[in-house]
Amino acid sequence: MSELTICVPVDKLVEFMIAALLKMGVPPEDAGMIADVLITADLWGVRSHGVAHLKMYHERINQGLQLPVTRWNVVKETPTTAVIDGGYGMGMVVGTHAMQLAIQKAQKFGLGAVAVRNSSHYGVAGYYSLMAVKAGMVGLSVTNAHPSIAPTFGTEPMLGTNPIAVAAPTDEDFPYMYDAATSVVPRGKIEVAARANKPIPEGWVISKDGSAATDTSQMITEMNQGNVALLPLGGMGEMMGGHKGYGLATMVEIFSAAFQNGAFLSMLHDTDHDGKPQFLRVGHFFLAINVEHFISLEDFKHITGNMMRELRASRKGADGARIYTAGEKEYFNTQRVQREGVEIAPGVQKNLKALAQELGLPDHNLGF
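Residues numbered from 1 in each chain as written. Predicted model: local features only at pLDDT ≥ 70, side-chain atom pairs only at ≥ 80, totals over all residues. Heavy atoms only, no water.

Enquirer: What should I look at first to understand the environment of Leu38 in this one?
Expert: With respect to the helices and strands, Leu38 occurs in helix α2 (residues 28-44). In this structure Leu38 comes out as buried when scored by relative accessible area, which is 0%. Taking the C-alpha atoms as reference points, Leu38 and His273, 235 residues apart in sequence, are found 32 Å from one another. (Helix = DSSP H or I, 4+ residues; strand = E, 2+ residues; numbered from the N terminus. Buried < 20%, exposed > 50% of the residue type's maximum accessible area, 1.4 Å probe, protein only.)

Enquirer: Any chance you could explain the packing of α2 against helix α4 (residues 91-109) here in plain terms?
Expert: To describe two helices that pack against each other, one gives the angle between their axes and the distance between the axes. Between α2 and α4, the shortest axis-to-axis distance is 9 Å and the interhelical angle comes to 90 degrees. In this view, α2 runs roughly perpendicular relative to α4, as classed from their interaxial angle. For the pair α2 and α4, contact is made by Asp30, Met33, Ile34 and Val37 and by Met92, Val93, Thr96 and His97, respectively. Partitioning the contact of α2 with α4 into residue classes produces five nonpolar, two polar and one charged. (Axes fitted to C-alpha atoms, helices over the stretch in contact; angles between N-to-C directions. Parallel < 35°, antiparallel > 145°, perpendicular 65-115°, else oblique. Contact = heavy atoms within 4.5 Å. Nonpolar A, V, L, I, M, F, W, Y, C, P; charged D, E, K, R; others polar.)

Enquirer: How do you make sense of the side chain of His146 when you look at a structure like this?
Expert: As for its placement among the helices and strands, His146 is situated in the loop between β5 (137-143) and β6 (164-168). Dropping the residues within four chain positions of it, His146 is found in contact with Leu159, Gly160, Arg187, Asn224, Leu268, His269 and Asp270.

Enquirer: Is there a simple way to explain the nonpolar core in this structure?
Expert: Leu54, Tyr128 and Ile344 are the most contacted members of the largest nonpolar core, which totals 66 residues. Among the elements that take part in this core, α2 stands out by supplying 10 residues, more than any other. Here Leu54 is in contact with Phe16, Met17, Ala20, Leu21, Met24, Leu38 and Leu355, once residues within four sequence places are set aside. In this structure, Ile149, Leu159, Ile190 and Ile200 belong to the second largest nonpolar core, which totals 13 residues. (Core = buried A, V, L, I, M, F, W, Y, C linked by side-chain atoms within 4.5 Å.)

Enquirer: Whenever I open this one, the side chain of Asn144 confuses me. Can you help?
Expert: Turning to its location among the elements, Asn144 is positioned in the loop between β5 and β6. There is a polar contact of 3.3 Å between the side chain of Asn144 and the backbone oxygen of Ala263. Here the side chain of Asn144 touches Gly283 through a polar contact of 2.8 Å, landing on its backbone nitrogen. When near neighbours in sequence (up to four residues on either side) are disregarded, Asn144 contacts Asn162, Val252, Glu253, Ser256, Ala257, Ala263, Phe264, Leu268, Val282 and Gly283. (Polar contact = N/O pair within 3.5 Å; in protein donor to acceptor, adjacent residues only side chain to side chain.)

Enquirer: Got a minute to help me understand the pattern of salt bridges in this structure?
Expert: Between side chains of opposite charge, a pair can form as their charged atoms come close. Scanning the entire structure with this criterion turns up 11 salt bridges. Close ionic contact of Glu343 with Arg47 constitutes a salt bridge, the shortest N to O distance being 2.0 Å. Of this pair, Glu343 sits in strand β12 (residues 342-344) while Arg47 sits in the loop between α2 and α3 (54-62), and the two are 296 residues apart along the sequence. The class of Arg47 is partly exposed, set by a relative accessible area of 42%. Linking Arg312 and Glu172 is a salt bridge whose minimum nitrogen-to-oxygen distance equals 2.3 Å. Highlighted residues: Arg312 in helix α9 (residues 297-312) and Glu172 in the loop between β6 and β7 (176-180), separated in sequence by 140 residues. Accessibility assignment for this pair places Arg312 and Glu172 in one class, buried. Overlapping salt bridges bring together Arg47, Arg336, Glu340 and Glu343 as one network. (Salt bridge = Lys/Arg side-chain N within 4 Å of Asp/Glu carboxyl O.)

Enquirer: What am I meant to see in a nonpolar patch on the surface here?
Expert: Together, Tyr178, Leu233, Leu248, Met251, Ile254, Phe255 and Phe259 line one region of the surface with nonpolar side chains, adding up to about 580 Å² of accessible area. Ranked by the residues each element gives to the nonpolar patch, the list is headed by helix α8 (residues 242-257), at four residues. Within the secondary structure, Met251 is located in helix α8. For Met251, a relative accessible area of 34% gives the class partly exposed. (Patch = residues over 30% accessible without salt bridge, like charges linked within 9 Å, V, L, I, M, F, W, Y side chains within 5 Å. Areas by Shrake-Rupley, 256 points an atom, 1.4 Å probe, with all protein chains shown as cover.)

Enquirer: What is the right way to look at the sheet that holds strand β2 (residues 73-77) in this model?
Expert: Hydrogen bonds along the backbone pair up the strands of a sheet, which may run parallel or antiparallel. Taken in spatial order, the seven strands make up an open sheet running β2-β3-β4-β11-β5-β6-β7, and their pairing is mixed. Looking at which strands have only one partner, the edges of the open sheet turn out to be β2 and β7. Averaged over all adjacent pairs, the angle separating strand axes in this sheet is 15 degrees, with direction ignored. When strand β3 (residues 81-85) meets strand β4 (residues 111-119), the two strands line up parallel, connected through five bridges. By the bridge assignment for β4, Ile84 is matched with Val116. Contacts between α8 and the sheet are confined to β4, β5, β6 and β11 (282-290), with β5 contributing the most and set at about 95 degrees to the helix. (Pairing = 2+ DSSP bridges.)

Printed below as a string of structure tokens:
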């Protein structure tokens, strides 16, 4: 195995992911959906949510935390809303179908909102809001997750990283696309640091005694055991707005559990009170807004485009740093990665090689 980061062509990586997912028992159509969500994360530069998560999904399937075949169904529906039960299947499959349904409703009635229960990790939240943009709409997607964030003035992980993703079309080559966790950093950044055996800065994670935690060697295990927790966006206490991140994470929890009578907070642990594995039961919420029911799409794009351009043209700091708008970096990173390939760090290479051997894919042809 290489001790250096290497670049793998996008098409070869997608081919490997689909082959691996098929070996895990995922149906062909679903494998394509999942691979598309994962490669999108790698294209955007969100390495924690791309191919690096493939081994995690395999482990969760083997542990009985989620099912490879996703038997989702609509349990309640109106012209503009729906509730979907994900059947403990693959979150990317459930999420794709849910946002497609929200878009279909918005195309006819102007708004489409779909709440999901009994799902699993669905990848980058922005993938689904971007689906709405591709249909000429504004999209929103949120999800809860395994408890990781401590509430303000607390030290116990209670809330998931609970990302918020909103995307809107513009008249530029790329849309406005905001996708961020409601913690100071997503859990995936801790996983990336742990794989690289690197410490994290103070202010990201808090120990149960209230002190800063920086050693990542056992941090994910400690987090799962409730001994450390991520801090909400804004950090510790209220001085820098930690209560705002806490409030946003709680808002996502409401949208991801209350509308669909789903699991929330401590119910989202992957083991029951006796320590036995249980389905993840993650919840999501999707919203599609048809712009044409308010204003022409062309005018909307022009207005949002002007906003982005005015923001980027505003006065810069003394160092002359470039001002970006949400979605811009992902656009340019996608162009670069499509040319150069996906960067695979040594730790991920090791995991993918082990996964390939376990699944009987020794000739995976990824270059390591």
